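# Observations on chain architecture
Listed below, chain by chain, are the residues.
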Amino acid sequence: MAEKTLFKDYLSCHVCSEIFKDPVSLSCNHNFCSSCLKEFWEQTKSRNCPICKRRFSKEDFGVNFSLKELADSFAGTQTGGSYETEKEEKRLEEVCRKHPEKPQLFCRDEQRAVCPGCDVSLHQNHKVVPVEEAVSELKEKLKSDLKSLQDKRDEYKQVEETYEDVVQHSKKQLLSTEKQIRAEFNKLQQFLKEEEESRLAALREEEEQKGRRISRERKRIQEQISSLSDSISAVKEDLQKDNMLFLSRYKPTQDRARDQCSVSDPQLLSGALIDEAKHLGNLAFRVWEKMRDKVHFSPVILDPNTADPRLHLSADLTSLSYGATKQQLPDNPERNINYTSVFGSESFTSGKHSWEVEVGDHPNWLLGLVKDSVDRKDERYPSPNNGIWCLWHGDGKYTNGADKNIKMRTSVQRIRVQLDYDGGEVSFYNPEDMTHIYTHRDTFTEKLLPYFSVGKSRDSKTSEIRICPTEI
C-alpha cells in the first residue's frame, strides 16, 4: 500500500490533491489539472506557477498526454473519482467471497492470487509462488516501469526545454537578421541616393555648359544685328539726302552695305539641347551595372543552423573561424555538436557545381561535400564511408579523408571544390594554375551539401577560411 500511496501522490494535482484530470505541464515542469490551474489563475489574478511561483506571460502550457494516460489508468476511468478508486481497491483485495483467509500463493500463469480453500487444485500444473515473492517481483517490475515513465518524461522535458531554447534563439535571429537586412538595404539606398545626385549633377552641368555656349552665340548674333541695324539706318538716311550730297555719300554707304551683306548667314548651334537619351537611356541597367562593383555574389552560403557552437560565422555567412568560447545555441536536429563543422545552405541532387575557398596559412581545415543524412550528433570520422568526401589539411599534411596522404609541391592558399553529381566525382584543385589535387569517385544517391570544418588557427596569420565571391 505504501508503494501505491507513493504512486498516487505522483499522480495527484498539487491544487486539488486529486488524481489528475486532463493534466497540463508548465514550462517549469510542474503539472496540474487544467481546470485547477485556470481557476487558480483566475482567483489570484496572476499567471504564477502554484508551486515555484514562476510567472508566465501567457497560457504557456500543453496537455501532458503521457501523464493523462497514466492517471486515467490508475483511476480506472478518465472521469473516475477517489471513492470509486478506493472501492475498486477493496474489491481487488477480496480473492474469494467464501473464504476470508488471505491468499498465500500467486499463480504466475494466470497472474492472480490463489484462494487456499477453493482453487489450489486447479493450479497444480501452474507456476505458483508465495504471495510475498510475487509481490516483490511485481513491485520490481512496476518500479522498472515507473523508471521508464520517468525517463520518458525526462526526455519530453528535455525536448520541451530545447524548444524553449529554439524559441529564444529564434527571437535573437529575428533581431539580428532584421538588423543586417536593414544595413544591407541602407547601403544600397545610400548608393542609389549618391548615384541619383551624381546623375542629376551631370544633367545640371550639361545644361549650364550648353547655356553658356548659347549665351555667347546669342551675344555675337545680337552684335551683328546691331551692326546691320546701323547700316540700314545709314542707307535710309542717304536715300533721303539731296542729289549732290547723295552722290558724295553713295559709294562708301554702298561698300559698307555690301560688306555686311557678304557676311555668312546666321546658323543655329547643333547640340544646343540637353541630351536626354544620354541621361535616360537604359538608366536602370547602367545603374545596376555600376552597382555590381559594389555587391558580391557567393556561390555558397553557410547555414548557421548547422554550425557547431564553437564556430563563429561572419555576418554575410561566407567565412568561419574557431571561437575561443562556446556559444549558447539550441541543440536543434540540424546542428553539428561533436565536430567544428558547418554545412552549406543549398543542397545538390544533380549537375556540376564549384566554389573556391581562401584558406591562407590556416593549419587545420576540411573542405568538401557531405550527404544530408549524415549523423550530426554522434562521433563520425570524415570519410566517404560516413558520407563525407573531403580534403583534409592538418599538422602540415594533406589527406583525402580516407587515410591516404596527398603529396603537394607547395602549400596552397586557395582550394577549388568541384562536384560532378551525375558523374560521381568530388574533385579538388589549386585554382592558381588549376593543378589537380585529388578526386573522390562514388555513386551519389541523396542530397549533398557543401562541407566546411576548421580548427584552432594557433599562431597562423589566417584566422578564418572564406568562401570566395564570383563574378556576376
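Reading guide: rules and limits
- Note on numbering: residues in each chain are counted from 1, in written sequence order.
- In view of the model being predicted, local features appear only for residues whose pLDDT reaches at least 70, and side-chain atom pairs are presented and counted only at 80 or more, with totals across whole chains, interfaces and linings using the full set of residues.
- Excluded from the side-chain calculation are hydrogens and water; included are all heavy atoms of the structure.
- Cavity: a set of points on a 1 Å grid over the protein atoms alone where a 1.4 Å probe fits but cannot get out. Pocket: an open set with protein on both sides within 12 Å along at least five of seven lines, its lining residues, like those of a cavity, having an atom within 4 Å of a point.
- Grid points are joined across faces, edges and corners, and a volume is the space filled by probe spheres set on the points.
- Counting from the N terminus, the helices are DSSP H or I runs at least four residues long and the strands are E runs at least two residues long.
- Polar here means any residue other than Ala, Val, Leu, Ile, Met, Phe, Trp, Tyr, Cys and Pro, which are nonpolar, and Asp, Glu, Lys and Arg, which are charged; Gly is therefore polar.
- Every case where a carboxyl oxygen of Asp or Glu lies within 4 Å of a side-chain nitrogen of Lys or Arg is listed as a salt bridge.
- Relative accessible area decides the class of each residue, using a 1.4 Å probe on protein chains only: under 20% of the type maximum gives buried, over 50% gives exposed, and in between gives partly exposed.
- Structural elements are reduced to axes, namely lines fitted to C-alpha atoms, with helices fitted over the stretch in contact, and the angle between N-to-C directions of any two is expressed from 0 to 180 degrees.
- Roughly parallel refers to an angle under 35 degrees, roughly antiparallel to one over 145, roughly perpendicular to one between 65 and 115, and oblique to any angle outside these ranges.
- For a crossing to be left-handed, the near helix must be turned anticlockwise from the far one by less than a right angle; the clockwise case is right-handed.
- By definition in these notes, contact holds between two residues if any of their heavy atoms fall within 4.5 Å.

Let us look at the layout of surface pockets. Approximately 1200 Å³ is the volume found for the second largest pocket. The wall of the second largest pocket is formed by 38 residues, among which Gln180, Ser314, Ala315, Asp316 and Leu317 lie closest to the centre. At the level of elements, α5 (131-239), β7 (311-313) and β19 (464-467) are the ones that each hand at least two residues to the lining of the second largest pocket. Among the residues making up the lining of the second largest pocket, the classes are represented as 18 nonpolar, 13 polar and seven charged.

Counted under the stated rule, the structure contains 19 salt bridges. Across the salt bridge formed by arginine 220 and glutamate 217, the nearest N and O atoms sit 2.7 Å from each other. One end of the pair is arginine 220 and the other is glutamate 217, both in helix α5 and three residues apart, which spans about a single turn. The exposure class assigned to arginine 220 is partly exposed, which follows from its relative accessible area of 43%. On the basis of relative accessible area, glutamate 217 is assigned to the buried category, the value being 19%. Because the salt bridges share partners, they merge into one network encompassing Glu356, Glu358, Arg414 and Arg416.

Turning our attention to the packing of α5 against helix α6 (residues 243-261). It is at 10 Å that the axes of α5 and α6 come closest, and there the two elements cross at 155 degrees. Between α5 and α6, the interaxial angle falls into the category roughly antiparallel. Considering how the two elements wind past one another, α5 and α6 form a crossing that is left-handed. For the pair α5 and α6, the contacting residues are Ser227, Leu228, Asp230, Ser231, Ala234, Val235, Asp238 and Leu239 in the first and Phe246, Arg249, Thr253, Arg256, Ala257 and Gln260 in the second.

Keep in mind these numbers describe shape, not what the thing actually does.
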